Structure formats: C-alpha cells, structure tokens
Amino acid sequence: GNLSSILFEQGRFGEAESGFRQALTLKPSYAQAYSGIGDILLKRGQLSDAIGYYRQCIDLDPMGIKAHDGLNKALGHLVPSWHVPMMNDSPRNDAYFAALQKAVTPETHVLEIGTGSGLLAMMSARLGARQVTTCEAVAEIAGIAQAVVADNGLTPPVTVINKMSSKLEIGKDMDQQADLLVSEILSSEFLGEGVLPSIEDARRRLLKPGGQIIPARGSIQFALFGGSDIEKNIRVDQVFGFDLSRFNTIVSRKQILFRSDLNIELLSEDTCAFFFDFNKTERITHEKRTIEVPVRETGRCCGIIQWIRLEMDDTIIFENHPSEKNPAQAWSHCLYIFPDAMDVTPGQVVRITAAHNRITPWFFLNSEVK
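For the structure given in this document, a descriptive report is provided here. (Residues numbered from 1 in each chain as written. Predicted model: local features only at pLDDT ≥ 70, side-chain atom pairs only at ≥ 80, totals over all residues. Heavy atoms only, no water.)

Once that is clear, we can look at helix 5 (residues 65-78). In this model, helix 5 (14 residues) spans 20 Å end to end at C-alpha, consistent with the 20 Å of a helix rising 1.5 Å per residue. Every buried residue belonging to helix 5 is among Ala 67, Gly 70, Leu 71, Ala 74 and Leu 78, and all of these are buried. Looking down the long axis of helix 5, one finds its buried residues gathered within 100 degrees of arc, a one-sided arrangement. Set apart from the buried face of helix 5 by more than 90 degrees, the exposed residues are Ile 65 and Asn 72. (Helix = DSSP H or I, 4+ residues; strand = E, 2+ residues; numbered from the N terminus. Expected span 1.5 Å × (residues − 1). Buried < 20%, exposed > 50% of the residue type's maximum accessible area, 1.4 Å probe, protein only. Arc of directions from axis to C-beta.)

For any pair of aromatic rings, the description consists of the separation of the ring centres together with the inter-plane angle of the planes. All told, the structure shown has eight aromatic pairs when counted by the stated rule. Ring plane angle 25 degrees and centroid distance 6.3 Å describe the contact between Phe 190 and Phe 278, whose orientation is recorded as stacked. One end of the pair, Phe 190, is in the loop between strand 4 (178-183) and helix 10 (195-205); the other, Phe 278, is in the loop between strand 11 (271-277) and strand 12 (287-294), and 88 residues separate them in sequence. The same class applies to Phe 190 and to Phe 278, which are both buried. With centroids separated by 4.9 Å and ring planes inclined at 65 degrees, the aromatic side chains of Tyr 336 and Phe 363 adopt a geometry described as edge-to-face. Taken together, the residues span a long stretch of sequence, with Tyr 336 in strand 15 (residues 333-344) and Phe 363 in strand 17 (residues 361-365) at a distance of 27 residues. Pair check on accessibility: Tyr 336 and Phe 363 agree, each one buried. An aromatic cluster of at least three residues, connected via ring pairs, comprises Phe 222, Tyr 336, Trp 362 and Phe 363. (Phe/Tyr/Trp six-rings, centres within 6.5 Å; stacked < 30°, edge-to-face > 60°.)

So, on to the sheet that holds strand 16 (residues 349-356). Taken in spatial order, the three strands make up an open sheet running 12-16-17, and their pairing is antiparallel. Among the strands making up the open sheet, the edge pair consists of strand 12 and strand 17. Mean inter-strand twist for the sheet, computed between neighbouring axes without regard to direction, equals 25 degrees. Pairing of strand 16 with strand 17, which is carried by five bridges, proceeds in the antiparallel orientation. (Pairing = 2+ DSSP bridges. Axes fitted to C-alpha atoms, helices over the stretch in contact; angles between N-to-C directions.)

A few words now on the pattern of salt bridges. Evaluation of the coordinates by the stated rule reveals 25 salt bridges. Glu 200 is the partner of Arg 358 in a salt bridge, and the nearest nitrogen-oxygen pair spans 2.9 Å. Of this pair, Arg 358 sits in the loop between strand 16 and strand 17 while Glu 200 sits in helix 10; the two residues are 158 residues apart in sequence, bridging distant segments of the chain. The exposure classification of Arg 358 matches that of Glu 200, with both residues buried. (Salt bridge = Lys/Arg side-chain N within 4 Å of Asp/Glu carboxyl O.)

Note that Trp 362 resides in strand 17. For Trp 362, a relative accessible area of 32% translates into the label partly exposed. Taking the C-alpha atoms as reference points, Trp 362 and Ile 161, 201 residues apart in sequence, are found 34 Å from one another.

So, about helix 10. Of all eleven residues that make up helix 10, eight are buried, and the element is covered over most of its length. Elements that come into contact with the buried residues of helix 10 comprise strand 1 (109-113), strand 4, strand 5 (207-214) and strand 11. (Contact = heavy atoms within 4.5 Å.)

Moving on to a nonpolar patch on the surface. Taken together, the side chains of Val 239, Phe 240, Phe 242 and Leu 244 present a nonpolar region at the surface, about 460 Å² in accessible area. Within the fold, Phe 240 resides in the loop between strand 7 (238-239) and strand 8 (242-243). (Patch = residues over 30% accessible without salt bridge, like charges linked within 9 Å, V, L, I, M, F, W, Y side chains within 5 Å. Areas by Shrake-Rupley, 256 points an atom, 1.4 Å probe, with all protein chains shown as cover.)

To continue, consider the sheet that holds strand 3 (residues 158-161). The parallel open sheet is built from five strands, whose spatial order is 3-2-1-4-5. Taken across any chain shown, the strands that pair with only one partner, and hence form the sheet edges, are strand 3 and strand 5. Here the average twist between neighbouring strands, direction ignored, is 25 degrees. On top of the sheet, helix 8 (residues 119-126) reaches strand 1, strand 2 (131-135), strand 3 and strand 4; it is set at about 175 degrees to strand 2, its chief contact.

Written out as structure tokens, the structure is:
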C-alpha cells in the first residue's frame, strides 16, 4: 500500500494500480487501496469508476478524508454545481411548464434531450403525455433520474435512456418518432453543451415532420457594462498607492459571473448578437458580424455582459436578463472584458465584432469608441 502510494506520487499510475489491486487480493477490506485506485481512475478521467472505488473506501472507513475529498472532486466533474440552482430556477421552470402545458395532449409522444433530474420529463407526464422518452449521457445522472421518476410514480409513461441523443435509434430506443422535442442543453453562453448539433440531429431523425420544438428559438444577447462593484472583481489598477495594472494582461478576457450581489451598470440597450431558429432545416454554420452599439449611459465601460433569451413558442419568453435578480439561476452571465476600461457617454458608438463557431461565442472590441 505504501509503495503504491509512492508510485502514484511519482506518476507511475499503472504500477501503482497493480500494487493496490494486489493488496486487495490479500486484504479485501484494505480501505486505502480502494481510495488509491479511485485516485488513479480520477487522474485518468474515469469518473464513474472512481466514484465506485471511493464509496467502497468510505464504506470501510467512514472517516477517510482522502476518499471523501476524491469523491467530492469526481462528483464535481461529473455533476457540476449548476445542476441544483438550475432545478430551483423558478422563472425557467415556469416558462418550460407553460410551453409544455400548451403543447402536450394525451396523444403526445415527448422526446427530451438531457434528462438531468427528470424534471421536464415529469412535467410532460403530469400534463398527460402518452409517452415520454428522455435521454441522459451520464450514467450516474441517468440512474438517479430513473429513481426520481419512480419515486414520483411516473414510470411509465417516462422512460430514461442512458445514451446521448445522437445514439438513439427508432425501433430500438423509441418505437416511433416523437411529436414534441424538448431540450435544455444550453450553457450560459448558449452554445457550449452542443445544442446546435443535438437539435439538428434529433429534428432530422427522431422528430416527426412538423413536430414542435421547445424552445423553438433562442438568441445570444449582450450589452455594454460597467460599475465600480463589478470592476473591482475583474480588473486591478491602483492599490495602496501601487500601480498593479500590468497584472490585467494575464487576467482571463472571458469570465463567468457567479455573483448576483454586485451592482452592474448597463451602458447600452440590449442587443442581439445571434439568433437561432431550431425549426429551420438547414445546418446553422459559424457566423461573424460587426455590430455598432450606441452608448446609452455615461460610465466607465469594462466590456460586454452576455445572457440568453429563449422563445419557448410564439408567446412564451424566458430571459435571464442581468437586471433581474434571481436567487437560483440555471444560467450565469458571461463577461467579455476589454483590454482597458473606457469612459463612455451617450452619443458615442462602440463597435463590436461578435463571432461563434457553433460551440463557443466570442466578443471582440473592434475599435475605439467613436
């Protein structure tokens, strides 16, 4: 056990694993060996297997700090912390429920991409859907969702499948194409979870011609922002009489804003960078456009704040606008920070180049204020 731990510290993971496994054949109750194998599997990115070994260690040694720490890291990678506020995001839940309420009938077969806790699938079932097929790529999440659905007495009509939507097959996983496609595979920056290829594929193979998609459309929104509160958290200048501004050259230009207590000044009107209609059959390609953004308020502009807007159908809208304080948010706001903060006044225009490559959006300061 001790030799295997030394080998692990030296990065000799194969030898360390062999040593830990040999130790378990001699002493199956050797907790440290389970934790050590968990550490190796975690290093390799085999998160599900690592979790199993850490839990076996904790069963044998409930006070094993190293195993608890490893389990926490593995679960953090597998189930990011945004899952819980997402489930508790009331405006988001209300928007999805209202759209489902309008769309679901006793004849509806619903396909959901991205099960999570099973919440949207269960909403569909409670609203009377004939059949609900929901898929989840992460085995641990799919297993828990299956149990949650059973706890709520909704098996059937809900069937949880541990697959990516791109691997679903008609005639094997689904008896026929769905009438309604529901998804919530949107990142804070809209595109990061592969929403475009997933919906394009599902619409082509898994949805009946003319079937409804929720959300039907969506857009990446942004505004110029500033404010002393937020500036203190994203850049540094004079501190204690010292000029620290050079440090800004190594600060990330794109950041996720996790705090909701900071005062943020919006210095321009809301602007749409990109609009996506999920019902259009042609493949959405990468885009780039230059946008002239008129300054609305006097202030010190630090960059761009970005959020998402979803058109669930023709009437129901969800938007995580930065002016709305929400204690539990499914999506955070993204900040694109300019190399230098700029003083701006109404009448000026800031030219921004917005681009995306189907996976990641980005905003560039195109020129100085004019």
